[in-house]
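What the coordinates show
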Amino acid sequence: MGSHNFNAMKVNVLRGQLVESLHHVMAVVVNEKGELIESYGDSQFLTFPRSAIKMLQALPLIESGAADHFHLTDKEICIACSSHHAEKKHTDVVQAWLSKISLNENALVCGAQKPVNEQAGQELIRSGLPATSIMNNCSGKHTGFLSTCLYLADSTQGYEKYNHPEQVRLRKVLTETMRIDHEKLAYGIDGCSIVTYATPLQNIAIGLSALLNPQETSARQIAAKRILKAVTSEPILLSGTGDFTSVVNEKTQGRSIVKIGAEGVFAGLIPAKGIAFALKAVDGAKRAAEFATTALLHKHGGLTEREYADLSAFTQPTISSWKGEVVGSISLSVS
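Read on for a plain summary of the structure. Fair warning: this is a prediction, and the values are worked out from it, not measured in the lab.

**Some words on the packing of aromatic side chains**
- Enumeration over the complete set of coordinates arrives at 5 aromatic pairs.
- Both rings, one in Phe145 and one in Tyr159, keep their centres 6.4 Å apart while their planes meet at 65°; by these two values the pair is edge-to-face. Placement of the pair is Phe145 in helix H7 (residues 139–151) and Tyr159 in the loop between H7 and helix H8 (165–178), with a sequence separation of 14 residues.
- Considering the side-chain rings of Phe244 and Phe266, the 5.4 Å spacing of their centres and the 90° angle between planes classify their relative orientation as edge-to-face. Linking Phe244 in helix H11 (residues 244–251) with Phe266 in strand E10 (residues 265–270), this pair joins segments that are 22 residues apart in sequence.
- You can call Phe266 buried: its relative accessible area is 1%.

In structure tokens, the structure reads:
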């Protein structure tokens, strides 16, 4: 059906003409039916998807009726799918949403995190105040979990625990969308304290494809459309100013949707092409994962030539000295 390339993508970091560093990237591309189109390296490579599947984790929020009950907007749906950088535009949405459901940041178990955004981080230092859980990049996802629990009359205590009804719901959704039984998968604890499951890369891509062509129920079809609409209409909320995820989604006006995970994971969609993908830089390097993502998007029509040029900071990255002189480059090969 698809093309299997048993060699991983290689992201070469050159200083002058010499390869100084080398990153291996596994990647899988599937169609909207979840059928394999292309793979690099081991398509069954086992990894934690981490934040790359937040759009799937937001499905119960909508399917349960909680999103309608609390009159959630595109901004709130997007922040539920987000790994935000704690700029004011992000924390304001989370704060207002918590107020809407009559909770405060003490209900969040994701933990306090300094803002990812440099300017927001400097402002926090100047204020002399501590970092908060609302600033955590996963606070929107957690507010979504809390909203679902409240609507379904589940306790909000321990909502991150493996056997809590919210995590049981999430396993059911991930099992359906990824087509692999999450009750049988090994798991660990994510940085934000919820459970994350060791999943074959191909199944992560299949999970994303379920947003393009939901087969399970009409409720899933409605929820998937609503999520894609939200992340397309509010791209800056999906990560932050100048960040790869937000920039790609914004520049392409949602024709390409990418989502970062931790430790060199990316997943995404090219809706008009009916394509989903997942990739993992084996050594966890974000720079390699971003660059490989741009290569996949370009190859499969997710970036026009103009967009590819406009996104040169990501599509044709360079290595610079501290005074700004270009001293190297990054390239991709498969061998």
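And the narrative resumes.
**Overview of the nonpolar core**
- Of all hydrophobic cores here, the largest spans 69 residues; its most connected members are Met55, Leu208, Leu211 and Leu269.
- Each residue touching Leu269, except ones within four places of it in the same chain, is listed here: Met55, Leu208, Ser209, Leu211, Leu212, Leu228, Arg255, Ser256, Ile257, Ile275, Ala276 and Phe277.
- The next biggest cluster of nonpolar side chains, apart from the first, holds 31 residues, and it includes Val29, Leu296, Phe314 and Ile330.

**A look at the side chain of His85**
- Along the chain, the position of His85 falls in the loop between helix H4 (74–80) and helix H5 (88–100).
- Here His85 falls in the buried class, since its relative accessible area comes to 12%.
- Those residues in contact with His85 that lie beyond four places of it in its chain are His90, Pro115, Val116, Asn117, Ser239, Gly240 and Asp243.

**Digging into the pattern of salt bridges**
- Applying the stated criterion to the full structure yields 19 salt bridges.
- Note that Asp74 and Lys229 form a salt bridge whose closest N and O atoms lie 2.5 Å from each other. With Asp74 in helix H4 and Lys229 in helix H10 (residues 218–233), the pair connects residues that are 155 residues apart, well separated along the chain.
- Glu166 is paired through a salt bridge with Arg169; the nearest N and O atoms lie 2.7 Å apart. Remark: Arg169 and Glu166 occur in helix H8; sequence separation between them is 3 residues, near one turn of the helix.

Conventions we followed
Residues numbered from 1 in each chain as written. Predicted model: local features only at pLDDT ≥ 70, side-chain atom pairs only at ≥ 80, totals over all residues. Heavy atoms only, no water. Phe/Tyr/Trp six-rings, centres within 6.5 Å; stacked < 30°, edge-to-face > 60°. Helix = DSSP H or I, 4+ residues; strand = E, 2+ residues; numbered from the N terminus. Buried < 20%, exposed > 50% of the residue type's maximum accessible area, 1.4 Å probe, protein only. Core = buried A, V, L, I, M, F, W, Y, C linked by side-chain atoms within 4.5 Å. Contact = heavy atoms within 4.5 Å. Salt bridge = Lys/Arg side-chain N within 4 Å of Asp/Glu carboxyl O.

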